[in-house]
Every structure is written in structure tokens, then in C-alpha cells.
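# What the coordinates show
Listed below, chain by chain, are the residues.
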Amino acid sequence: MAVLDVPGAQIYYKVRGVGPALLLLPGGDGDADAYDVLALHLKSDFTVISFDRRGLSRSTGPADTSGPRTHADDAALVLGAVTDSPALVFGTSIGAIIALELAARHREQVRTVIAHEPPIAALLPDSERAQLLQSQLDVEDAYRRDGIAAAMALLVKIAGLDIVDRDPDVPVALPNPGRIRNLEHFLAHDAPAVREYRPDTVALRAAADVITPAAGATSVGPVPHCSTALAEMLGREVETFPGGHNGPLFRPRAFADRLRGILRSI
């Protein structure tokens, strides 16, 4: 565990395990601890790295500096502090967007990127794009009008989350003060940044050889279609992972096995 000074912020990060560097980028309000169980199943084969995005938990930084490109630059600095070699990167949801930005902006630090269901409306056909954008805006409006619970209820629908679709020993996370602060930051800053995000398609096509789009086997709705659209744009295939949008949290053993298998084949 360490804290890294970056432009305008301090980033808390964790490193555990042995082997090639593997950066995990969770979705939503997920911090450096979010994928601890997933990391437990991976650390015998990889040096697993995670960090608190600026504004979350133990990291600092002005809220208005948040956004996928800034988070990707922070990720590059964290990787530079841990390893001299190109890293393996897995991200889901906003974490997948950050992973794609990392490949586009810091290609030399990336060996491969697995982008699991990045909610990039700009990639979708017109009708689906409008649907996803409106749904994302509805979440932000609900947060401003009615608070966290109302916003998260809508976000669960957008992502097609099913709390039953999980391993029996995986508990449902209960609210706590730290989680509430992280959700407030995410809904006020990162969620709008995701809605407004437009990928650099030229840079992504240039990095297509290191990008693997991915989606959950049980995912529904427009978000997994973003992975399909990304794959079509890059001329790649979509890899399927256990569970739905929250597979890394809800199906950690099977998810780790699938992730390990893909990374070993690259």
C-alpha cells in the first residue's frame, strides 16, 4: 500500500501477488479494495495492482479534475511506480473506459487491455445511443432531485444488475459512510463524465491489437451492446465472462479463471 503524488492529487494504491503486472479498474464507485476477492484468486499468477480514483476513499484531488482521461493518466503514473514493463489491464464499466483511455494515451505502458462493458453511448447506433444517453441523464437527475438511493435504483436497471446472479458466498454490500461518500462523488462527477465521454476512435484503432472487448454471459440491455460496437469498430471479437455487468464482484472465482485463461493466451 502506498500513496503517489500526481498532478493535482495524491493517489492511494495497492500491490499484491507475484508475476506479470495486472491492473484492475473497477466500475462505479469502486476503490482499491473493490476487487479484493477477485485479486485473491489472481495473486498467485499476477502482481495485482489497484488504486482509489481521485476523489474516492483515500485519494485526493479536486472533484472537477475527475474524468476518464485524467483517471487514465493517474493509472499510467501508478503503473510507472510499480513496473517498468507493459502491464495487463482489466476494467469494467467506467473502469473499462479508463482502460481504453490508457491504451489510447499511454500505449507503451499497456501489454493488453480487457474492456468489460464500457458504457460508451457514442459507439451505439442512433436509437440505442439516445436511449442510453437519456438513461444516464435520468440517473443524474434522480440523484440531484431524490438522492443516492433513487439514482442507484435507476443505475441498476441500466446495467441490468441482478443480485441473485452471484455466488452463494458473495454477500450484498451494505451501505457505510465511506461508500456513501464514494457514491456521492461518482454520481456527481464520474457519472456525468461517462455520459459526456467521446472516445478517440483513431487512437483506439491504432491500439486495436492490444484491446479485447468483453461482456457478461448474462448481461442484458444497451451496455453490453457497447462491447459489441467496440469490437466491430476495432475488428475484434467479444470475449464472454461469467455473470453479468457485475461479474467481477458477484462471480469472482469463475471470473478470475476466465480472466487468467485469456491473459495466458495472449
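Everything below is about the structure printed above this text.
This report concerns the structure included in the present document. (Residues numbered from 1 in each chain as written. Predicted model: local features only at pLDDT ≥ 70, side-chain atom pairs only at ≥ 80, totals over all residues. Heavy atoms only, no water.)

### Here's the deal with the nonpolar core
Membership of the largest hydrophobic core comes to 55 residues, with the highest contact counts inside it found for Leu23, Phe51, Leu102 and Ile211. Tallying contributions element by element places helix H3 (residues 94-105) first for this core, with eight residues. Contacts of Ile211, omitting those with residues within four sequence positions, involve Leu100, Ala103, Val113, Leu204, Leu234 and Arg236. The next biggest cluster of nonpolar side chains, apart from the first, holds 18 residues, and it includes Leu22, Tyr35, Ala39 and Phe90. (Core = buried A, V, L, I, M, F, W, Y, C linked by side-chain atoms within 4.5 Å. Buried < 20%, exposed > 50% of the residue type's maximum accessible area, 1.4 Å probe, protein only. Helix = DSSP H or I, 4+ residues; strand = E, 2+ residues; numbered from the N terminus. Contact = heavy atoms within 4.5 Å.)

### Points about the pattern of salt bridges
Within the structure shown, the criterion is met by 24 salt bridges. Between Lys14 and Asp36 there is a salt bridge; the shortest N-O distance is 3.0 Å. Residue Lys14 is located in strand S2 (residues 9-17), and its partner Asp36 is located in helix H1 (residues 36-40); the two are separated by 22 residues in the primary sequence. Its relative accessible area of 32% is what places Asp36 among the partly exposed residues. Salt-bridge contacts for Arg69 lead to Glu101; the nearest nitrogen and oxygen are separated by 3.5 Å. With a gap of 32 residues between them, Arg69 in helix H2 (residues 68-82) and Glu101 in helix H3 connect regions that are remote in the sequence. Exposure remark for Glu101: the relative accessible area of 3% places this residue in the buried category. A cluster of three or more residues bridged by salt bridges with shared partners is formed by Lys14, Arg16, Asp31, Asp33, Asp36, Asp52 and Arg58. (Salt bridge = Lys/Arg side-chain N within 4 Å of Asp/Glu carboxyl O.)

### Things to note about a nonpolar patch on the surface
Among the surface-exposed residues, Ile163, Val164 and Val172 lie close enough to one another that they form a single nonpolar patch of about 280 Å² accessible area. Looking at where Val164 falls in the secondary structure, it is placed in the loop between helix H5 (148-159) and helix H6 (177-196). The class of Val164 is exposed, set by a relative accessible area of 64%. (Patch = residues over 30% accessible without salt bridge, like charges linked within 9 Å, V, L, I, M, F, W, Y side chains within 5 Å. Areas by Shrake-Rupley, 256 points an atom, 1.4 Å probe, with all protein chains shown as cover.)

### Quick word on helix H4 (residues 126-146)
Think of an α-helix as turning once every 3.6 residues; residues three or four places apart then point the same way. With 21 residues, H4 should reach 30 Å at 1.5 Å per residue; the first-to-last C-alpha distance of 29 Å fits that figure. Within H4 the residues assigned to the buried category are Leu132, Gln136, Val139, Glu140 and Ala142. Take H4 and look down its axis: the buried residues cluster within an arc of 160 degrees, on one side only. Exposed positions of H4 whose direction lies more than 90 degrees from the buried face are Asp126, Ser127, Arg144, Arg145 and Asp146. Lining the buried residues of H4 we find H5, H6 and helix H8 (222-234). Gly147 sits one or two residues past H4 and shows a positive phi near 100 degrees. (Expected span 1.5 Å × (residues − 1). Arc of directions from axis to C-beta.)

### Looking at the pairing of strand S3 (residues 21-25)
Among the five residues in S3, five count as buried, and that is most of the element. Because side chains alternate across S3, one face comprises the buried residues Ala21, Leu23 and Leu25, and the other comprises Leu22 and Leu24, equally buried. Sheet topology note: the S3/strand S4 (residues 47-51) ladder contains three bridges and is parallel. If you follow Leu22 over to S4, its bridge partner there is Val48. Direction of pairing for S3 relative to strand S5 (residues 87-92): parallel, over a ladder of four bridges. (Pairing = 2+ DSSP bridges.)

### Details of the packing of aromatic side chains
For the coordinates displayed, the defined rule picks out three aromatic pairs. Where Phe90 meets Phe255, the ring centres are 5.4 Å apart and the plane angle is 70 degrees; that geometry is what we call edge-to-face. Of this pair, Phe90 sits in strand S5 while Phe255 sits in helix H10 (residues 252-265), and the two are 165 residues apart along the sequence. Judged by its relative accessible area of 0%, Phe255 is buried. Members of the aromatic cluster, joined through ring pairs, are Phe90, Phe241 and Phe255. Above the face of the Phe241 ring, Arg258 is positioned so that its terminal group lies 5.8 Å from the ring centre. (Phe/Tyr/Trp six-rings, centres within 6.5 Å; stacked < 30°, edge-to-face > 60°. Lys NZ or Arg CZ within 6 Å of the ring centre and 35° of its normal.)

Read these as layout, nothing more, since geometry by itself doesn't imply function.
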